[in-house]
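One letter stands for each residue in the lines below.
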Amino acid sequence: AYGQLGLGHSDSQFEPAPVEVMGRDGNSCVVREVKASGNYSAALSERGDIYTFGCGGHGRLGHGSNEHMYVPTLMLGIEGKQVSHFVMTAKNMYVFVPSVVCKVEPPCGPLSGGTTVFVHGGGFWDAEDMTMRFSPTTVPKKGSNVVARSSQGTYVRDADFDLGVMQQIKCNAPRFNDPGEMSLEVAMNGHDFTDSGITYTYYADPVVESIQPPCFSATNPRELLIQGSGFYETGLVKIRFKEKPGGEDREELVEGTCVSEKNVEFNPDTEEEEIVEVVSIICNSPVFGGELFPIDTRVAVALNGKDFVTLPGTSVMVHNCNLKGTTPMSAPIEGGTAVSVEGTSFYPSPTLGVRISIPDPYVEPPEEKEVDALEIEEQKSFTSQPEPKPFAEIKVRAEFVSSTEMTFVMPTEGLFDNDDVYKYLFPNPSVLSVAAVLEATIDGEGYLDSKIPFYFFRQAEFTLEPATGPTKGGTEVKLTFEGVVFESTEAVVTFDATDALSDGQGMSSTVGAVCTTTKTQTIMTCVTEPWKSDDLSADLRPEGGSVDMGDEEATAATEVAETAAAEEAPAEDTAAAA
């Protein structure tokens, strides 16, 4: 008459019929116990929830009204409370909700204590005597001071079926002297503790000693190595990079993994070598946003993802350095050239440097295939292949100048001193230059993604046409090299009268030149400028001139001819390319 059969109607039923109990998620529940009394019924689900149906008089169904229910309906007031038993009378129902611990978060913490531990479970309420007890799961070793300790608990929140969370309480983990596994149980009255078998592990407080490299890019993650003591794998290791005060208050977290290696070390006490296991942490550097770079960050490690230990006395620089170009863009193989590297976000790192790589000029690079966005995403899931090894390379320390410039001097010894390398790169007189790639490093290990074209060239003879011209300037001069170099935008020609003047002061004129190439020749074209002195020797016979593809001189033999201009006193000019 009241729907206590749970079939969806109030009619009598004279044959057995199945009753389905539907959960809030729309799925059928597994029922472990059913009872009935006083024209109403109740079912206890496997997850500890109560469903009632039938006569609702006197509020006996627990739904906050006297309304009858014709199908099993969830009693929301005790949802998630983990009911274990219930009894029914004609007008009342009693349920027993024992406290139960299902999970602790985090599951571990340092011996120094103070970790905020969240306990997930059921049968909790806001009780003044709520107590959490940490007890060793094994018999303490002789001399160990590991005894059970307790901490006062605090109620956090009710269960929420929609969010899939259980009831939560919390406490601060007490301090212990020795590491080990503890059983964590709860007593709402301070005396009767649960027996759930959930554990919490104490570990020795870790010490962070160093991080390598000491700086990294804000946009391109790379692997970092953190060294110290007391590290062990928990599956929860996190590393925090927090900007120091005065910036944009940026902070990033990344996950870490403990790795171990065995080293052979000498023990001074036993005077013998021993195998020692060293555990370190590796992680990928985080990506930072923002406007101001570089930024100074503090690094901290938490083995349980919560309790962070800071690396003392050392900070990590985060930059967004990028290369824009070099001046000059080339250098003679003899070295000694001062090169300025332009870019952004440079800072005075002690490990600034450049690497100039020369790919094999006689090996065709692989063709670049056009790929769509989907293919790019698929490629990201695979380990990237290493770049082809260069034929030769030069590494040089660089000096910080400003946030947009660093400088270095090309070494005078090294790469091109090797006869085999030289002969391979310059197999015949027609090869005058080789292409290279310049990269910069901030940390001394990894190199920035941006790469700048660079060139090396060698001394070369050239012909001059015309070989004479008036001192008033304006003569177009063409220098022809039997060989091919790169098309430089930095080429200049110097007309040098050094040691030819009567006062011994010397004089020269430098003008820009246009550099073009054919399959077999390189041609530099320039226009002469007026000489600024009339004190020219009547007999100019310099030994030679010089050529420069990038503001650097290289001696070359030139022809000297006398110049006679009707409107000027006779004088001889020497043209030398620089």
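Conventions used here
- Residues numbered from 1 in each chain as written.
- Predicted model: local features only at pLDDT ≥ 70, side-chain atom pairs only at ≥ 80, totals over all residues.
- Heavy atoms only, no water.
- Helix = DSSP H or I, 4+ residues; strand = E, 2+ residues; numbered from the N terminus.
- Buried < 20%, exposed > 50% of the residue type's maximum accessible area, 1.4 Å probe, protein only.
- Contact = heavy atoms within 4.5 Å.
- Core = buried A, V, L, I, M, F, W, Y, C linked by side-chain atoms within 4.5 Å.
- Pairing = 2+ DSSP bridges.
- Axes fitted to C-alpha atoms, helices over the stretch in contact; angles between N-to-C directions.
- Phe/Tyr/Trp six-rings, centres within 6.5 Å; stacked < 30°, edge-to-face > 60°.
- Lys NZ or Arg CZ within 6 Å of the ring centre and 35° of its normal.
- Salt bridge = Lys/Arg side-chain N within 4 Å of Asp/Glu carboxyl O.
- pLDDT = per-residue confidence, 0-100.
- Patch = residues over 30% accessible without salt bridge, like charges linked within 9 Å, V, L, I, M, F, W, Y side chains within 5 Å.
- Areas by Shrake-Rupley, 256 points an atom, 1.4 Å probe, with all protein chains shown as cover.
- Lys, Arg positive; Asp, Glu negative; His and termini not counted.
- Charge placed at Lys NZ, Arg CZ, Asp CG, Glu CD.

1. Structural notes on the overall build of the chain
Counting its regular elements, the chain contains 2 helices and 41 strands. Split into buried and exposed, the 578 residues of the chain put 41% on the buried side. Sequence-distant contacts in the chain: of pairs separated by 6 or more residues, those separated by 24 or more amount to 61%.

2. With respect to the nonpolar core
Judged by nonpolar contacts, the single largest core of 36 residues is most densely connected at Met406, Phe408, Leu438 and Phe456. Breaking this core down by element, the ones donating at least two residues are strand 27 (338–344), strand 28 (353–358), strand 29 (392–397), strand 31 (405–409), helix 2 (419–425), strand 32 (433–441) and strand 33 (452–457). When residues in this core are grouped by element, the largest group, 4 residues, is from strand 32. Every residue in contact with Phe456, bar those within four places of it in the chain, is listed here: Ala331, Pro332, Ile333, Ile356, Ile358, Ile394, Met410, Phe416, Leu432, Ser433, Val434 and Ala436. Ala218, Ile239, Phe293 and Val299 belong to the second-largest nonpolar core, a separate cluster that totals 25 residues.

3. Some points on the sheet that holds strand 12 (residues 154–157)
With respect to topology, 4 strands assemble into an open sheet ordered 7-9-13-12, the strand pairing being antiparallel. If you trace the sheet from one side to the other, it starts and ends with strand 7 (100–105) and strand 12, each paired once. Ignoring strand direction, the axes of neighbouring strands in this sheet form an average angle of 35°. One ladder, built from 3 bridges, connects strand 12 with strand 13 (residues 167–172); its direction is antiparallel. From the neighbouring strand, Thr154 faces strand 13, where its bridge partner is Lys170.

4. Describing the packing of aromatic side chains
In this description, an aromatic ring pair is defined by two values, namely the gap between the centres and the angle between the planes. A complete count under the given rule lists 12 aromatic pairs for this structure. Centre to centre, the rings of Phe216 and Phe241 are 5.5 Å apart; their planes meet at 85°, and the pair counts as edge-to-face. Of this pair, Phe216 sits in strand 17 (residues 215–217) while Phe241 sits in strand 19 (residues 238–243), and the two are 25 residues apart along the sequence. Across the pair, Phe241 and Phe216 agree in class, each one buried. Between Phe416 and Phe456 the ring centres are 5.2 Å apart and the planes differ by 65°, which places this aromatic pair in the edge-to-face class. Highlighted residues: Phe416 in the loop between strand 31 and helix 2 and Phe456 in strand 33, separated in sequence by 40 residues. Considered together, Phe416 and Phe456 belong to a single accessibility category, that of buried residues. Among the aromatic side chains, those forming a connected cluster through ring pairs are Phe416, Tyr422, Phe426, Phe454 and Phe456. Residue placement shows Arg133 over the ring face of Phe193; its charged tip is 4.1 Å from the ring centre.

5. What to know about the side chain of Ser280
Structurally, Ser280 can be placed in strand 21 (residues 272–284). The buried category is assigned to Ser280, whose relative accessible area is 6%. Residue contacts for Ser280: discarding those within four places in its chain leaves Leu225, Ile226, Gln227, Phe231, Thr257, Cys258 and Val259.

6. Some remarks on the pattern of salt bridges
For the structure shown, the criterion picks out 11 salt bridges. Here Glu33 makes a salt bridge to Lys35, at a shortest N to O gap of 3.2 Å. A relative accessible area of 23% means that Glu33 is categorised as partly exposed. Between Arg222 and Asp443 there is a salt bridge; the shortest N-O distance is 2.7 Å. Of the two residues, Arg222 is situated in the loop between strand 17 and strand 18 (223–229) and Asp443 in the loop between strand 32 and strand 33; the sequence distance between them amounts to 221 residues. For Arg222, a relative accessible area of 23% corresponds to the partly exposed category. Linked by salt bridges that have partners in common, Arg222, Asp443 and Glu445 make up one network.

7. What to know about the sheet that holds strand 31
Strand order in the open sheet formed by 4 strands is 25-27-31-30, with antiparallel pairing between adjacent strands. What marks the edges here is a single partner per strand, and that holds for strand 25 (322–327) and strand 30 (399–402). For this sheet, the mean inter-axis angle between neighbouring strands, taken without regard to orientation, is 30°. Here strand 27 runs beside strand 31; their pairing, made up of 5 bridges, is antiparallel. Paired with Val341 across the bridge in strand 31 is Met406.

8. Side note on the environment of Gly8
By the element assignment, Gly8 lies in the segment before strand 1 (31–37). In sequence terms Gly8 and Tyr70 are 62 residues apart; their C-alpha atoms lie 4.6 Å from each other. Beyond its immediate stretch of four places on either side in the chain, Gly8 contacts Tyr70 and Val71.

9. Regarding the confidence of the model for the chain
For the chain, the average pLDDT comes to 84, and 85% of its residues sit at 70 or higher. Predicted confidence is poor over residues 376–384, with pLDDT under 50, and the contacts of this stretch with residues over four places away or in other chains come to 2 contacts. pLDDT under 50 marks residues 537–578. Its contacts with residues more than four places away, or in other chains, come to 114 contacts.

10. Thoughts on a negative patch on the surface
A cluster of acidic residues, Glu265, Asp269, Glu271, Glu272 and Glu274, forms a negative patch on the protein surface. Along the chain, the position of Glu265 falls in strand 20 (residues 251–267). Judged by relative accessible area, Glu265 falls into the partly exposed class, the value being 38%.

11. What about the environment of Met507?
Along the chain, Met507 falls in the loop between strand 36 (492–496) and strand 37 (508–512). Sequence separation of Met507 and Asp496 is 11 residues, and the distance between their C-alpha atoms is 6.3 Å.

12. Some thoughts on the pairing of strand 32
Every other side chain in a regular strand lies on the same face of the sheet, so the side chains alternate between the two faces. Within strand 32, 7 of the 9 residues are buried, leaving the element largely enclosed by the surrounding structure. With 5 bridges connecting them, strand 28 and strand 32 associate as antiparallel partners. Bridge pairing links Val354 to Ala440 in strand 32. Of the strand pairs in this sheet, strand 32 and strand 33 are connected by 6 bridges, and their pairing is antiparallel. Opposite Ser433, over in strand 33, you have Phe457 as the bridge partner.

13. Examining unusual backbone geometry
In this structure, the amide linkage connecting Thr327 to the following residue, Pro328, adopts the cis form with an omega of -5°. With respect to the element layout, Pro328 can be found in the loop between strand 25 and strand 26 (330–332). Here the bond from Glu465 into Pro466 is cis, since omega is -5°, no more than 30 degrees from zero. With respect to the secondary-structure elements, Pro466 resides in the loop between strand 34 (462–465) and strand 35 (476–481). Residue Asn39 is not a glycine yet carries a positive backbone phi of 65°. Position of Asn39 relative to the elements: it lies in the loop between strand 1 and strand 2 (40–45).

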